[in-house]
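# Summary of the model geometry
Each chain, written out:
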Amino acid sequence: MNIESVFTALGLSEAELNNGDLAVTSPVNGETIAHVKVHSASDVDAAIAKSKQAFEAWKSLPAPKRGELVRVLGNKLRDHKEALGALVSMECGKIYQEGLGEVQEMIDICDLAVGLSRQLFGLTIASERPGHRMTETWHPIGPVGIISAFNFPVAVWCWNSALALVCGNSVIWKPSEKTPLTALACQKLFDLAAAEVGDIPDGLSQVIVGHADVGEQLVNDTRVPVISATGSTAMGRKVGPAVAARFGRSILELGGNNAIIVAPTANLEMAVRAILFGAVGTAGQRCTTTRRLFVHDDIYDELVPSLKKAYSGIRIGDPMEQSTLVGPLIDKQSFDAMQAALDMAMVNGGEVVGGSRALEETYPNAYYVNPAIVEMPEAEQTVQTETFAPILYVYRYSDLERAIQLHNDVPQGLSSAIFTNDVREAETFTSAVGSDCGIANVNIGTSGAEIGGAFGGEKETGGGRESGSDAWKGYMRRATSTVNYSSDLPLAQGIEFNL
Ligand code: UN1
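Now for a look at the structure at hand. (Residues numbered from 1 in each chain as written. Predicted model: local features only at pLDDT ≥ 70, side-chain atom pairs only at ≥ 80, totals over all residues.)

### Some points on the nonpolar core
Membership of the largest hydrophobic core comes to 141 residues, with the highest contact counts inside it found for Cys 110, Ala 113, Ala 162, Leu 163, Val 262 and Leu 293. Apart from residues no more than four positions distant in its own chain, Cys 110 is found in contact with Val 70, Arg 71, Leu 73, Gly 74, Leu 77, Cys 158 and Ala 162. Ranked by size, the runner-up nonpolar core spans six residues in total, among them Leu 414, Cys 437, Ala 449 and Phe 455. (Core = buried A, V, L, I, M, F, W, Y, C linked by C-beta atoms within 7 Å. Buried ≥ 20, exposed ≤ 12 C-beta atoms within 10 Å, placed from the backbone. Contact = placed C-beta atoms within 7 Å.)

### A word on the pairing of strand E6 (residues 171–174)
The alternating pattern of E6 places Val 171 and Trp 173 on one face and Ile 172 and Lys 174 on the opposite face, and all of these are buried. Of the pairings in the sheet, the one linking strand E5 (residues 144–147) to E6 comprises four bridges and is parallel in character. Bridge pairing in E6 places Ile 147 opposite Lys 174. Remark: the E5/helix H7 (residues 155–166)/E6 crossover connection has right-handed handedness. With three bridges joining them, E6 and strand E7 (residues 205–207) adopt parallel strand pairing. The partner of Val 171 across the bridge, within E7, is Ser 205. (Helix = DSSP H or I, 4+ residues; strand = E, 2+ residues; numbered from the N terminus. Pairing = 2+ DSSP bridges. Right-handed = clockwise from strand over helix to strand, strands pointing away.)

### Concerning the sheet that holds strand E3 (residues 123–125)
If you walk across this open sheet you meet the three strands as E3-E4-E23, and the pairing is antiparallel. Two strands lie at the open edges of the sheet, namely E3 and strand E23 (476–484), each paired on one side alone. Direction aside, the axes of adjacent strands within the sheet are offset by 25° on average. (Axes fitted to C-alpha atoms, helices over the stretch in contact; angles between N-to-C directions.)

### Examining unusual backbone geometry
With a phi close to 55°, Lys 459 is a non-glycine residue in the positive phi region. Here Lys 459 is to be found in strand E21 (residues 458–459). Although it is not a glycine, Ser 467 sits at a positive phi angle of roughly 75°. Among the structural elements, Ser 467 can be located in strand E22 (residues 466–467).

### Some details on the packing of helix H11 (residues 268–280) against helix H12 (residues 297–312)
Relative orientation and spacing of two packed helices are given, respectively, by the angle between their axes and the distance between those axes. At their nearest, the axes of H11 and H12 sit 10 Å apart, and the two run at 45° to each other. The pairing of H11 with H12 is recorded here as oblique in orientation. Where H11 crosses over H12, the two elements pack in a sense that is right-handed. On H12, the residues touching Leu 268, Ala 271, Val 272, Ile 275 and Leu 276 of H11 are Ile 299, Glu 302, Leu 303, Ser 306, Leu 307 and Ala 310. (Parallel < 35°, antiparallel > 145°, perpendicular 65-115°, else oblique. Left-handed = near helix turned anticlockwise from the far one by under 90°.)

### Observations concerning the packing of helix H4 (residues 63–79) against helix H6 (residues 96–116)
The interhelical angle for the contact between H4 and H6, taken along N-to-C directions, is 160°, at an axis separation of 9 Å. It follows from the interaxial angle that H4 and H6 lie roughly antiparallel. For the element pair H4 and H6, the recorded crossing hand is left-handed. Residues Gly 67, Val 70, Arg 71, Leu 73, Gly 74, Leu 77 and Arg 78 of H4 form the contact with H6, whose own contacting residues are Val 103, Met 106, Ile 107, Cys 110, Asp 111, Ala 113 and Val 114.

### Side note on the pairing of strand E16 (residues 391–397)
The two faces of the sheet receive side chains in turn, since in a regular strand these alternate between them. The buried fraction of E16 amounts to six of the seven residues, a majority that puts the element mostly inside the structure. The pairing of strand E15 (residues 372–375) with E16 spans four bridges and is parallel. In the sheet register, Val 374 faces E16, and the bridge partner there is Tyr 393.

### Some details on the environment of Leu 329
When you line up the elements, Leu 329 lands in the loop between H12 and helix H13 (332–347). Under the C-beta neighbour-count criterion, Leu 329 is labelled buried, with 25 such atoms within 10 Å. Measuring from C-alpha to C-alpha, the distance between Leu 329 and Gly 284 comes to 8.5 Å, with 45 residues separating the pair along the chain. Setting aside anything within four residues of it in sequence, one finds Leu 329 in contact with Pro 27, Ala 283, Ser 334, Phe 335, Tyr 367, Val 369 and Ala 389.

Here it is in C-alpha cells:
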C-alpha cells in the first residue's frame, strides 16, 4: 500500500490535499505528504453556527434513528479499515497493526453507540408526595467540541462522536495539527454514511483544522456546551479553566504516568509481554503507556534481565513493515524531550540501557529510537513527569504497601496494573487503598483498554470519562421532572403555605 493508493481509497483528492499552508509531515521519513487548508477565525465561527443549526434539527430525531447513522458509519469504517489504518500509520507513525487496532476501536464504539441509542435510560424516583411521579430524563445538550491528539488521531474522535451523535448532539472536531489527514479521511467516511442514510442535517459533524488558536476559539465559544479534550496536562490546564469560566462542561483526558507492579507470585512470562507492549508499543506515545515498573526484590534479578533480553529483540523501523514493533517518534521535539529525560535520569542515579537514536542513516529526517530501560536507585519519590517516549523507569520494592504509596505519589492518575497470583494483593491493588487511577488492572498491562469500560483518569489526568459504561451521560443534559397527577398541591418537605 503506498500513500497515493491510500488517499484514493479514502476519497481524498489531490486538490484537497494541496489547498493550503499547513504542511503535513510523515514521521516515517520526515517527508511532506500534503499541504492542507487552515481554518480562519471566521471559518470556525461559521462552522460553530452551522453546528448549532444542525443540532437543532438532529436533537428531535428519535435516538434509535440517530443510531442508524452511527451504524452505517461503523460499516463505512469496516469497509475502509485497511486504508484508514494505513493512513494512521503513515501520518502518526504507529505500526500498521496498531493502526488497524485503532480503526477497530472506532468500529467497536460505533456498535456500542448503536445499542446505546435504544438505551439512554433515565430513572423513576419515589416521590414523597401522594399522586406525584418523579423522573429523570436525558436530553441532547448541543454541539460537542472534540480536541484530539496526534497519537490516537482517529479513535478518540470516534469515542466522542459516536456517543455524542446518538445522544442527539452535533460535533466539531479539531484534530492535532500534526495529523489532519486522518481527520479529513474520517470526515469523508462520515459524509458517505450521511449520504447513505439520507436527510442528515448539513454540518452535523465537521472538522476544523489549525493550530492552538483554532482550538482556543472552540473552547471559548458559549455555543459549544461540551468540550472533550485529549492531550497533555499543560493543554488541559488551559482548556479546563477556560471552559469552566463560561460554565461549559469539559471532558479532559490528559497525561498519564502509568505503572505496573510485578509481585513475587506473578507469571513472569506474561508480565514481560505486557510490559513490552505497554512500554514500547506505539513507541511509548500512548497516554496509557507503561512508564514506571515496580519489581519485587525476590524476582527482580529474573524479571529485569528477561525484559532487557526482550528489548534487545525489538524490531524498529518502517511502521508499515509487518515485522516492525516500534515505529518513529512523532518529531524532533519529541526526540529531544526523550534525550533530556534520559539525561535527567542519569543525573538522578539511573542506569540507562537503550534510548539512542536509531536508523539515522536511512531516515535522516525522522526520529526512530531504541526504547530505554532505566533502573532507578531507591528514592523518596518516583519520576513525576510524563515524557511521551519509550522510557521505562524500573524501581525495586520489598513491601507492597510502600510500592502502592510510591505508585500513587505522582500528579497523574490514568492507568495502572499489578501482576500477581496472590488474591490478597490483587484485591488490595484494586481496592480503595490500592491504585488511585481511573484504570486498575490485574494481570493485564496498562494500555490497550477495551471500549466497553469508561476510559479516563484522576488528578492531573483530568477526571473525564469517555467511551463505555455511562460515559454517554457526559454528552447529555439531565432533567428532573415531577408530575402531579392528583388534584391537591402538597409542598415538598411538608411546608404549609396557605392564604
Ligand atoms: C490515548 O493514548 O490517548 O487503552 C488513548 C489504550 C487505548 C487508548 C489510548 N485504548 O491504550
